[in-house]
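What follows is each chain in one-letter form.
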Amino acid sequence: MPPAVEVTALSRVFVGKSPVVALDNVDLDVEEGELFGLLGPNGAGKTTLIKILSTLLLPSKGSAKVLGYDVAKETSKIRPLINMVSGGEISGYGLLTVRENLWMFSQFYGIPGKVANERIDALLHAFGLEDKADVKVRTISTGQRQRMNIIRGFVTDPRLIFLDEPTLGLDVQTSRAIRDYIRTWVRSQEGRTLLLTTHYMREAEELCDRVAIIDRGTILACDSPEGLKRRMNRASTFVLDTTHFDSSVISNIAGVKGVSAEAMKEGLRIKLVVEDESAISDIISSVGASGGKVLGLNKSEPTLEDVFIKLVGRGLE
Amino acid sequence: MLNVRAAFGRAYPRAIGAIREPSWTFFDVLLPLLGIAAYIYYYRALGADPAFEGFVVLGGAMTAFWLNVLWGMAAQLYWEKETGNLQLFLVTPMSRMALLAGMALGGMFAAGIRALSTLLLGILLFNVNMVVVDPLLLVAVFMVTLIAIYGMGMMFASLFMLYGRDAWNISNLLQEPIYLVSGFYFPVKALGPWVSLIAAVIPITLGLDAMRQELFGPVANGLMPVVWELTILVVLAVAFLVMARWSLEYMEGLGRKEGRLTLRWQ
Ligand SMILES: Nc1ncnc2c1ncn2[C@@H]1O[C@H](COP(=O)(O)OP(=O)(O)OP(=O)(O)O)[C@@H](O)[C@H]1O
Ligand SMILES: [Mg+2]
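About the cut-offs
Residues numbered from 1 in each chain as written. Chains lettered and ligands numbered in written order. Predicted model: local features only at pLDDT ≥ 70, side-chain atom pairs only at ≥ 80, totals over all residues. Heavy atoms only, no water. Helix = DSSP H or I, 4+ residues; strand = E, 2+ residues; numbered from the N terminus. Rg over C-alpha atoms; globule rule 2.2 N^0.38 Å. Areas by Shrake-Rupley, 256 points an atom, 1.4 Å probe, with all protein chains shown as cover. Pairing = 2+ DSSP bridges. Axes fitted to C-alpha atoms, helices over the stretch in contact; angles between N-to-C directions. Contact = heavy atoms within 4.5 Å. Buried area = accessible area lost by both parts, 1.4 Å probe. Salt bridge = Lys/Arg side-chain N within 4 Å of Asp/Glu carboxyl O. Polar contact = N/O pair within 3.5 Å; in protein donor to acceptor, adjacent residues only side chain to side chain. Nonpolar A, V, L, I, M, F, W, Y, C, P; charged D, E, K, R; others polar. Patch = residues over 30% accessible without salt bridge, like charges linked within 9 Å, V, L, I, M, F, W, Y side chains within 5 Å. Domains from an automatic or database assignment. Core = buried A, V, L, I, M, F, W, Y, C linked by side-chain atoms within 4.5 Å. Buried < 20%, exposed > 50% of the residue type's maximum accessible area, 1.4 Å probe, protein only. pLDDT = per-residue confidence, 0-100. Near = heavy atom within 4 Å.

**Q** Any details on the overall build of chain B? Residues and values, ideally.
**A** Across its full length, chain B holds ten helices and zero strands. Listing each helix as α and each strand as β along chain B from the N terminus yields α-α-α-α-α-α-α-α-α-α. At 19 Å, chain B has a C-alpha radius of gyration in line with the 18 Å of a compact globule built from 266 residues. Projecting the C-alpha coordinates of chain B onto the three principal axes gives extents of approximately 60 × 40 × 35 Å. Accessible surface, chain B as shown: approximately 11800 Å² in total, 73% of it carbon and sulfur.

**Q** Summarise the sheet that holds strand S12 (residues 256-263) of chain A; cite the residues concerned and give the values.
**A** Residue and element names in this part refer to chain A. A sheet is described by the order of its strands in space; here four strands give the open sequence S12-S13-S11-S14, paired in antiparallel fashion. Sheet topology places S12 and strand S14 (294-300) at the edges, where each strand pairs with a single neighbour. Ignoring which end each strand starts from, the neighbouring axes of this sheet average 20 degrees apart. Relative to strand S13 (residues 268-274), strand S11 (residues 236-242) runs antiparallel, the two sharing seven bridges. Following the sheet pairing, leucine 240 is matched in S13 by isoleucine 270.

**Q** Which residues make up the interface of chain A and chain B, and what values do they have?
**A** Chain A puts 37 residues into the contact, and the matching count from chain B is 36 residues. At the boundary of chain A with chain B, total buried surface from both sides reaches about 3000 Å², with 59% on carbon and sulfur atoms. Summed over the shared surface of chain A and chain B, the number is one salt bridge. Note that glutamate 252 of chain B is salt-bridged to arginine 79 of chain A, the shortest N-O span being 3.1 Å. The tally of links between chain A and chain B comes to 14 residue pairs in polar contact (both at pLDDT 80 or more). Secondary structure elements with two or more residues in the side of chain A that touches chain B: strand S1 (5-14), helix H1 (46-53) and helix H3 (98-107) of chain A. Considering every element that reaches the side of chain A that touches chain B, the biggest residue donor is H3 of chain A, with five residues. For the side of chain A that touches chain B, the per-class residue count stands at 19 nonpolar, ten polar and eight charged.

**Q** Residues and numbers for a nonpolar patch on the surface, please.
**A** On the surface, Phe26, Phe27, Leu30, Leu31 and Leu34 of chain B cluster together to form a nonpolar patch covering roughly 510 Å² of accessible area. Its place among the elements puts leucine 34 of chain B in helix H2 (residues 22-46).

**Q** Provide a residue-level description of the pairing of strand S4 (residues 61-66) of chain A, including the pertinent values.
**A** All names here are of chain A. As paired strands, S1 and S4 are joined by five bridges and run antiparallel to one another. By the bridge assignment, valine 5 is partnered in S4 with valine 66. Looking at chain direction, S4 and strand S5 (residues 69-70) are connected through two bridges and run antiparallel. In the strand pairing of S5, valine 66 is matched with tyrosine 69. The antiparallel pairing of S4 with S5 creates a hairpin that spans two residues between the two strands, and leucine 67 there sits at a positive phi of about 50 degrees.

**Q** Quick rundown of the domain arrangement of chain A? Include the residues and the values.
**A** When cut into domains, chain A gives domain 1 (5-229) and domain 2 (236-301). For domain 1 of chain A versus domain 2 of chain A, the distance between C-alpha centres works out to 37 Å.

**Q** Give me the nonpolar core: which residues, what numbers.
**A** Buried together is how nonpolar side chains tend to be arranged in soluble globular proteins. In terms of nonpolar packing, the biggest core is built from 117 residues, with Val7, Leu53 and Leu195 of chain A together with Trp66, Leu77, Tyr150 and Phe184 of chain B touching the most fellow members. The greatest single-element share of this core, amounting to 16 residues, is contributed by helix H7 (residues 135-181) of chain B. Excluding anything up to four places from it in sequence, valine 7 of chain A contacts Val26, Asp27, Leu28, Asp29, Leu49, Leu53, Ser63 and Ala64 of chain A. Of all hydrophobic cores here, the second largest spans 39 residues; its members include Val85, Phe127, Val137 and Val186 of chain A.

**Q** Can you break down the confidence of the model for chain A residue by residue, with the values?
**A** Looking at chain A as a whole, its pLDDT mean stands at 91, while 98% of the residues score no less than 70. In the model of chain A, helix H10 (residues 304-312) of chain A stands out as the element of lowest mean pLDDT, 80, in contrast to S5 of chain A, which has the highest, 97.

**Q** Hey, could you go over the pairing of S1 of chain A for me, with residue numbers and the actual values?
**A** Sheet faces and side chains relate simply in a regular strand, where the side chains alternate between the two faces. Residue and element names in this part refer to chain A. Both S1 and strand S2 (residues 20-30) contribute to a ladder of seven bridges, which runs antiparallel. Within S2, the residue paired with glutamate 6 across the bridge is aspartate 29. Between the antiparallel neighbours S1 and S2 lie five residues.

**Q** Explain the site of ligand 1 to me, using residue names and the numbers behind them.
**A** Around ligand 1 lies a shell of 15 residues, among which Asn42, Gly43, Lys46, Thr47 and Thr48 of chain A are the nearest. Among the chains of the assembly, those with residues near ligand 1 are chains A and B. One of the side-chain nitrogen or oxygen atoms of asparagine 42 of chain A is found 2.9 Å away from an oxygen atom of ligand 1. Lysine 46 of chain A is positioned such that a nitrogen or oxygen atom in its side chain is 2.7 Å from an oxygen atom of ligand 1. The protein chains hide 77% of the 640 Å² of surface that ligand 1 would expose on its own.

Written out as structure tokens, the structure is:
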């Protein structure tokens, strides 16, 4: 069986006044049945990759196959088998009700009316949106709209679905409901594959069988969340709490692989990935030298975020 | 089957839109009527043949379709791109012609309601007399005209998909001159043979001319015999549909290559 997604030496350049290399020689396989995550900062190339795989954009170089078919030449084979939803999208027509919008999109896949309506009912129920089913789309909230969009993706029962930041800007409860559904959907039938992109480490860690970390158009690592964390073996991760100071000096210290500073109420919370624990003493003295004060230091278990900081050299949020 | 379903799916919101928003319909009916009234009193003041009042009512009714072609077909894919729908349409397996056919069907329905109300109210309010010369021919001319102008709209839609803003300006630019050149409110022959022949490339010109001849007889001062006009309209309809299909495919390919089917932030 061919992989669900097979990307080989794929590049995408946007030509213009200043050309942008959105994807640079990417190799990536997603197996059938996998719940796969693309994790990367803004502008990493996640959406570009999804657009190429969903036949909206051509590769500049290299090739991409979806469910065994070439995205450049065999679009008519691919399109019936896939669907795509992006976070925060505004789809359909505000004048139509939620149900009518979902029905309209299902018709673009030629799904018989009765089947479509049954699926729509089941999905509205699964996402707790039944009470909004017959309400005009322009009157529902962002979170409700986003749930409708996700339903639109699943209503066509795709073999492969692309979700571009499905939980972007949603509250904790809605995000959890979506994640739960995603998990059950992939597992409940063989041969269903899901590729999502996300900004949220926790989401990738909790949800995905495998995660590819992408930055500036390049895949830096691709493994299961556990596998990625195991790569941290030699590096250690610390959480350093300090008063406010200019933390940029830390990244220049020898042995420091990555720094991510977050402003808290009382000061800074700095996540450190160091190759060698002896670097810590240099770091602490540099805090003092730059006018800061150490409030606390803790060694932490590596998380996906630490892997990310180590690979990308900076934090996500 | 997929494409039939898809076309109906896309036609649905348009048809519903016409029914669900009665306040829009009110303005859609009232505004054209005001325009017609202005022309009619103008012709009356000039002491023109009463048939001219009929021309105006017919032109006013057909305006509904023409505006729908310009703004609801040609400009539509530009809107769809701006709102983010275009990419969702394009990832689906439906044929792009089915998408546009659906838009056209729904648009014809919505515009049809407006056209009919304009026609009926116009006839009632201004006592217009029409004698149908050959009903079958009239229906044929009307249908083929619709197919031809919507075919033209489809072709423009594909251009708008990539060249939205520029095409938009052109559409704006064309709206008024075409009112004049296509003879919405008077026999186009009055413009002289050359202008009217050139205008005949725009199918609404020939369609209006033929319908005027069918409804008002010799006063309509037709450009050519109706059967000729019908033949040319059939050729135009087929040509526009073929070009639309080809152009859609080409523009989609170009858009995928240049990354212009979607907006950057979508
Ligand atoms: N149509 C386009 N024309 C020019 N540049 C583009 C276009 N689309 C994307 N880019 C550029 O390509 C790069 C990758 O963008 P992409 O949208 O794939 O990033 P992303 O990983 O999805 O980011 P985000 O997390 O912000 O959504 C960015 O620098 C972006 O500005
Ligand atoms: Mg993105």
